[in-house]
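Coordinate inspection notes
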There are 4 protein chains.
Amino acid sequence: MPSEEFTLAFSCPNRAGIVAAVSRHLYDNGGDIREAHQFDDPETGRFFMRVRFAIVEAVVTVQSLTAGFATIAERFGMDWRLASREAVPKIVILVSRFDHCLADLLYRWRIGELRMEIAAIVSNHPREVYAHHDLDGIPFHHLPVTKETKAEQEARILAIVEEAGADLVVLARYMQILSDEMSAALSGRCINIHHSFLPGFKGAKPYHQAHRRGVKLIGATAHYVTADLDEGPIIEQDVERISHHDSPDDLVRKGRDIERRVLSRAIAWHLDNRVLLNGDKTVVFRD
Amino acid sequence: MPSEEFTLAFSCPNRAGIVAAVSRHLYDNGGDIREAHQFDDPETGRFFMRVRFAIVEAVVTVQSLTAGFATIAERFGMDWRLASREAVPKIVILVSRFDHCLADLLYRWRIGELRMEIAAIVSNHPREVYAHHDLDGIPFHHLPVTKETKAEQEARILAIVEEAGADLVVLARYMQILSDEMSAALSGRCINIHHSFLPGFKGAKPYHQAHRRGVKLIGATAHYVTADLDEGPIIEQDVERISHHDSPDDLVRKGRDIERRVLSRAIAWHLDNRVLLNGDKTVVFRD
Amino acid sequence: MPSEEFTLAFSCPNRAGIVAAVSRHLYDNGGDIREAHQFDDPETGRFFMRVRFAIVEAVVTVQSLTAGFATIAERFGMDWRLASREAVPKIVILVSRFDHCLADLLYRWRIGELRMEIAAIVSNHPREVYAHHDLDGIPFHHLPVTKETKAEQEARILAIVEEAGADLVVLARYMQILSDEMSAALSGRCINIHHSFLPGFKGAKPYHQAHRRGVKLIGATAHYVTADLDEGPIIEQDVERISHHDSPDDLVRKGRDIERRVLSRAIAWHLDNRVLLNGDKTVVFRD
Amino acid sequence: MPSEEFTLAFSCPNRAGIVAAVSRHLYDNGGDIREAHQFDDPETGRFFMRVRFAIVEAVVTVQSLTAGFATIAERFGMDWRLASREAVPKIVILVSRFDHCLADLLYRWRIGELRMEIAAIVSNHPREVYAHHDLDGIPFHHLPVTKETKAEQEARILAIVEEAGADLVVLARYMQILSDEMSAALSGRCINIHHSFLPGFKGAKPYHQAHRRGVKLIGATAHYVTADLDEGPIIEQDVERISHHDSPDDLVRKGRDIERRVLSRAIAWHLDNRVLLNGDKTVVFRD
């Protein structure tokens, strides 16, 4: 008998009985738990859970499951998501001139590693800049930004995001700072890749800053975008060793590799509902 | 109101309702889940779970909890452990001439990082070899091994282990191969640190083998001891980068650092009931 | 005054006076040393050196430098290379169905990170398989291999390599085993990426082997191809952490990332004359 | 014929002929180069070199070599050191209550991994605090520090350092901030281990800061002490992965392991003359 898999992820104030209620509900609906994580943050008193389960008999839909779960969610005051793993999430990618993250995401998407639909690519540079990439079938929007057009262009981007019903907006080395309004509108569903090991080297030209300081490792950081620049909740970070031989250009080169893998991991985890917000921080149920 | 924390870890054939039954039981006994992991191995059809919970009202003991849980455990055919986190687990350390792992474990134990009681240290070398270590209060057994005395000495070691009621035996660079009988007797509760990145370089002098082969990383492996030498279930591995500059002695030196951290992690996870056997492999709910 | 940079790399039996003779020669020709490494292998008694230098006054050519250096090279019995850093090395890429390394190399080449000319791409699959890649301007050869045609196709590949004057042949997940003759013909200038942390998991399906063994880290290995399968001199290796959650498919996915960066590093170092053969091993003057 | 090994390390303004002059001098004195590194920093125009060589015929002393080299050193304006590898360098260790780095250094020294003489241990805590360590034969100085006694105690420490002829002072988690005068007096020969991945989390309680910010990796930094707190030239850094499970105490625990290995590497490289100052940065010829 075919089965369908679902993912449920939530957080709520901790109290006894949460797991019992949730797992009982899943059991009563024919759910078979395949993987689960629970975490109680003693500092915030918040409880986090992600569960992947299969409904062995396909008598339920994500709608009916959702409706049924709403009562429990309300009882415990949950911030929650329930998704069928057959649904393909949609993302919008924003990019500027540096296209290494774009190239990487396109490849991972093409071979099915990142299971998603690229609903749109938005760039402040014209399509010719990306001539070497196969963008066939992906809507491309050239939205150049000046001080005067920024508000207008952001509105267009938001419209693209909303029309597409995008689950995620990715700043794949998009070299424009989002306005506070835009950041707020995309809260919790916009991931940026920052080319430094935050909180070190905030601001402009982090690789040049790192070179000047003489650090022995450089890194990159994927985080949710907030109005507070470079301060959003961190999803993933990684580093590589450098040496005195490395010029700023070498750091940029080594950084490209770090940025690619950090960003793609953060996206994969977000799309798989593995990342839960915990105030200014994240809970990541990696695997 | 004071509370006491417990850890429950088990595996059993997968079927629907396990988490529901377990979490219901914990809830009914006043348990509050603090951290939990569940994993279903699709290959073996086995389900693994570890849960750390607090009994907010201290009306139960580990005995009553255990008795109460036995029915559930039997119903699902569980291989299980339930332990109060206030209990201090006991270990017996076997060591030979190289004492870097011993020194490391003693330090971590002394400062409370490894919460355990060192019930005994057994060595095939005399106590003078360890003169620089503070072994005050730790029973030390000098049991030299020859081909003739091996069976007899192993029997003594086993007696020490059983008398101490040791939860774990650690081969901290103990350079004697255990007999099949001894391995069987300690099954699932004896951890060895192997000075190679298994399955590469099995057998004698792995660092010299690694040097000869010209690998660019060396490693170490902590695994449960089985009769099948170097083939026991792997708990943890780690590596470090080496170069053409490194002589075999340099590899031995770098290896000491890897061995220390790999072994101490494996022990910490075992004592915290984070390691579950899955056939020839392990499930490690790291954190 | 414009200057041109050169790289000199050599090995020879160790004896006193090598560095003095070489650096004197460079000085007499107006050379200014920018970076250099020397290493004496006490086991083989062989001395290795790589030096990058600039001729501040452009009064010499790589030909005249080469001619001038030949006497020294002969005196010390050197195995040597001297190259202008303005020359663009040529590579031939062999690939099969898995194209992640190809995609990666194309990208790094396109943005100038890997300074090289892709003289040809050879595949045992037709060009359509690579439809998503921009191969414009790169000669593509579809050379399907069967038991009967193997010798013939290898001869064609060799012809392509020789006609192109290729400095390097890269097996970018080329799933055909080269014959001993082919391996011999490409000795020291053919790099393969092996999808395991050698010497562990030689042979077929290494990720499946790794999954079965339950290792906690997987890796990839770039090595020079020799007739002795999976035994060629190792240039670079790297690893990533895995867990019980990872299926063989997950290992394949994580492995792609390791393979890409290990192969691209090995190629970059080889093209930059940083890799010197030392019997069955390599000396890599990384930086 | 027995031979003695020496290490020569220097930096000077770059110009043609440095390596030729140095290697000629070594050759003329019967020196055989075993390992060497040269690096030209294009930004500062400074040239760095370290060479390990053997005098096969033991007809020279470090004094005569030094005298002979002085002319060359003066000609090129070198900042230089020449040392026999048979000489045992002396270090003074400063420590406070946290003794994990001290324990680690004592062990590495005891087994000969760190070839040095511990000329003195200075602590602002009494010797009883270190009762579990075998300090036999190592002069121990209890120098408690208050605001009033700081200047006086620093003077005593300096006296201890000078009387011992110490090559290096190690702040092995010494929780006192050195005065500007003390920092200046120990310039280039005092290494501190900072418990953060600088420049992130300067100041007090870096692990708590890291926990609050929600980073996914923590690190430690070994650097030369300067008057500019937390800004001295970085010698070595390393990191470990953490997760939402980790409390500040867990970070402290994981940090101990990073601190130990980062500090011991920095010390080993310094004692082996592998670290050269380059303004606010370092050149580290690792191996």
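Here the residue numbers are simple positions, counted from 1 along each chain's written sequence. Written order determines the labels here, with chains lettered from A and ligands numbered from 1. Only residues with pLDDT of at least 70 are given local features in this predicted model, and only at 80 or more are side-chain atom pairs given and counted; all residues enter the totals for whole chains, interfaces and linings. Side-chain numbers here rest on the full set of heavy atoms in the structure, without hydrogens or water.

What counts is decided by this rule: UniProt positions are given in the numbering used here, feature names are shortened, and annotations may be inferred rather than shown by experiment.
In the annotation of an unreviewed UniProt entry, the entry for chain A reads Formyltetrahydrofolate deformylase, and the organism field reads Aureimonas populi. We quote the UniProt Sequence similarities (unreviewed entry) comment for chain A here in full: "Belongs to the PurU family." As its UniProt record puts it under Pathway (unreviewed entry), chain A is described as follows: "Purine metabolism; IMP biosynthesis via de novo pathway; formate from 10-formyl-5,6,7,8-tetrahydrofolate: step 1/1."

Topic: the overall build of chain A
Operational definition: Only runs of H or I of at least four residues qualify as helices and only runs of E of at least two qualify as strands under DSSP, and these elements are numbered from the N terminus. A radius of gyration in this sense is built from C-alpha atoms; the matching globule rule multiplies 2.2 Å by the number of residues raised to 0.38. Note on exposure labels: buried denotes an accessible area under 20% of the residue type's maximum, exposed denotes more than 50%, and partly exposed covers the range between, all computed with a 1.4 Å probe on protein chains only. Two residues qualify as a contact provided that any one of their heavy atoms is within 4.5 Å of a heavy atom in the partner residue. Each accessible area is a Shrake-Rupley estimate made with a 1.4 Å probe; only the visible protein chains count as cover when residues are assessed. Counting rule applied: Lys, Arg positive; Asp, Glu negative; His and chain ends not counted. By convention, charge coordinates are those of NZ in Lys, CZ in Arg, CG in Asp, or CD in Glu.
Looking only at helices and strands, chain A has seven helices and 13 strands in total. A compact globule built from 287 residues would reach a C-alpha radius of gyration of about 19 Å, and chain A, at 20 Å, matches this within 12%. Principal-axis analysis of the C-alpha atoms gives chain A an extent of 60 × 40 × 35 Å. Within chain A, the proportion of its 287 residues that are buried is 60%. A separation of at least 24 residues holds for 66% of the contacts in chain A among residues at least 6 apart in sequence. Of the roughly 11,100 Å² of accessible surface on chain A, a fraction of 51% belongs to carbon and sulfur atoms. Measuring between centres, the 35 positive side-chain charges of chain A sit 5 Å from its 41 negative side-chain charges.

Quick look at the sheet that holds strand β3 (residues 46-55) of chain D
This is how it is decided: By definition, two strands form a pair when at least two bridges between them are found by DSSP. Lines fitted to C-alpha atoms define the axes, with helix axes restricted to the stretch in contact, and inter-axis angles between N-to-C directions lie between 0 and 180 degrees.
The eight strands are arranged β4(C)-β1(C)-β3(C)-β2(C)-β2(D)-β3(D)-β1(D)-β4(D) in an open sheet whose pairing can be described as antiparallel. Strands with a single pairing partner mark the edges of an open sheet, and in this sheet they are β4 (79-84) of chain C together with β4 (79-84) of chain D. Across the sheet, the mean angle separating the axes of adjacent strands is 10 degrees when strand polarity is ignored. Relative to β4 of chain C, strand β1 (residues 4-13) of chain C runs antiparallel, the two sharing six bridges. From the neighbouring strand, L8 of chain C faces β4 of chain C, where its bridge partner is L82 of chain C.

Some thoughts on the packing of helix α6 (residues 206-213) of chain B against helix α7 (residues 248-271) of chain B
All names here are of chain B. For the record, the criterion: Angle categories: roughly parallel below 35 degrees, roughly antiparallel above 145, roughly perpendicular from 65 to 115, and oblique for all the rest. If you view the pair so one helix is near and one far, a crossing is left-handed when the near helix is turned anticlockwise from the far one by less than a right angle, and right-handed when it is turned clockwise. Each residue is assigned to one class: nonpolar for Ala, Val, Leu, Ile, Met, Phe, Trp, Tyr, Cys and Pro, charged for Asp, Glu, Lys and Arg, and polar for all the others, Gly among them.
Between α6 and α7, the shortest axis-to-axis distance is 9 Å and the interhelical angle comes to 125 degrees. Judged by the inter-axis angle, α6 sits oblique to α7. For α6 against α7, the interelement crossing comes out right-handed. Mapping the contact onto sequence places Y207, H208, A210 and H211 in α6 and P248, L251, V252, G255, R256 and E259 in α7. For the contact of α6 with α7, the residue count by class is five nonpolar, three polar and two charged.

Looking at the UniProt feature "active site" (unreviewed entry) in chain A
To be explicit about the condition: Polar contacts, as used here, are pairs of N or O atoms within 3.5 Å; protein pairs need one atom able to donate a hydrogen and one able to accept it. Residues neighboring in sequence count only if both atoms are side-chain atoms.
With numbering aligned to this structure, UniProt lists the feature "active site" (unreviewed entry) at D230 of chain A. Judged by relative accessible area, which is 8%, D230 of chain A ranks as buried. Excluding its chain neighbours within four sequence positions, the residues that come into contact with D230 of chain A are H194, L198, K202, G203 and H223 of chain A together with R213 of chain D. Polar side-chain contacts of D230 of chain A include one of 3.3 Å to the side chain of H194 of chain A.

Topic: the relation of the copies chain A and chain D
Our working rule: In superposing the copies, a least-squares fit is computed on C-alpha atoms, taking residues whose pLDDT is at least 70 in both.
Of the two same-sequence chains, chain A is brought onto chain D (RMSD 0.0 Å, axial shift 0.0 Å) by a rotation of 180 degrees. This pairing of chains is accounted for by a two-fold axis. In terms of proximity to the rotation axis, the leading residue of chain A is G200 of chain A, whose C-alpha is 2.3 Å off the axis.

With respect to helix α1 (residues 18-28) of chain A
Along α1 of chain A, eight of the 11 residues are buried, which leaves the element largely enclosed by surrounding structure. Within the span of α1 of chain A, buried status applies to I18, V19, A20, A21, V22, S23, H25 and L26 of chain A. Packing partners of the buried residues in α1 of chain A comprise β1 (4-13), β2 (31-41), β3 (46-55) and α2 (62-76) of chain A together with α1 (18-28) and β2 (31-41) of chain B. Remark: G30 of chain A follows α1 of chain A within two positions and exhibits a positive phi of approximately 80 degrees.

So, the UniProt feature "domain: Formyl transferase N-terminal" (unreviewed entry) in chain A
The positions UniProt marks with the feature "domain: Formyl transferase N-terminal" (unreviewed entry) are residues 90-267 of chain A. For the annotated span residues 90-267 of chain A, helix accounts for 34% and strand for 23% of the residues, and the straight-line distance between the end C-alpha atoms is 11 Å.

Looking at the relation of the copies chain C and chain D
Turning chain C through 180 degrees and shifting it by 0.0 Å along the axis lays it on chain D, with an RMSD of 0.0 Å. In this assembly the copies share their binding face: 100% of the residues contributing to the interface of chain C also contribute to that of chain D.

Comments concerning helix α7 (residues 248-271) of chain D
Going by this rule: By this rule, a helix spans an expected 1.5 Å times one less than how many residues it contains.
The first and last C-alpha atoms of α7 of chain D sit 34 Å apart over 24 residues, in line with the 34 Å expected at 1.5 Å per residue. With 19 of 24 residues buried, α7 of chain D is to be regarded as a mostly interior element.

Observations concerning the environment of D287 of chain B
Checked against the element boundaries, D287 of chain B lands in the segment after β13 (281-284). Of the residues examined, D287 of chain B reaches a relative accessible area of 32% and is grouped as partly exposed. Residues within four places of D287 of chain B in sequence aside, it is in contact with E35, H37 and R274 of chain B together with S243, H245 and K254 of chain D.

A closer look at the interface of chain A and chain D
Where interface size is given, it is often the accessible area lost as the parts come together that is meant. To be explicit about the condition: Here the quantity called buried area is the accessible surface, traced with a 1.4 Å probe, that two parts lose on coming together, added over both. Salt bridges are defined by distance alone: a side-chain nitrogen of Lys or Arg within 4 Å of a carboxyl oxygen of Asp or Glu.
The interface of chain A with chain D comprises 36 residues on the first partner and 36 residues on the second. Both faces combined, the contact of chain A with chain D buries some 2,900 Å², and carbon together with sulfur accounts for 54% of it. If you sort the residues of chain A by the area they bury against chain D, R213, K216 and H244 of chain A come out on top, with a joint share of 24%. For the interface between chain A and chain D, the tally reads four salt bridges. Put simply, chain A and chain D have 20 residue pairs in polar contact (both at pLDDT 80 or more) between them. Of all the secondary-structure elements, those providing two or more residues to the side of chain A that touches chain D are β2, α6 (206-213), β11 (234-241), α7 (248-271) and β13 (281-284) of chain A. Sorting elements by how many residues they give to the side of chain A that touches chain D places β11 of chain A first, with seven residues. Partitioning the side of chain A that touches chain D into residue classes produces 14 nonpolar, nine polar and 13 charged.

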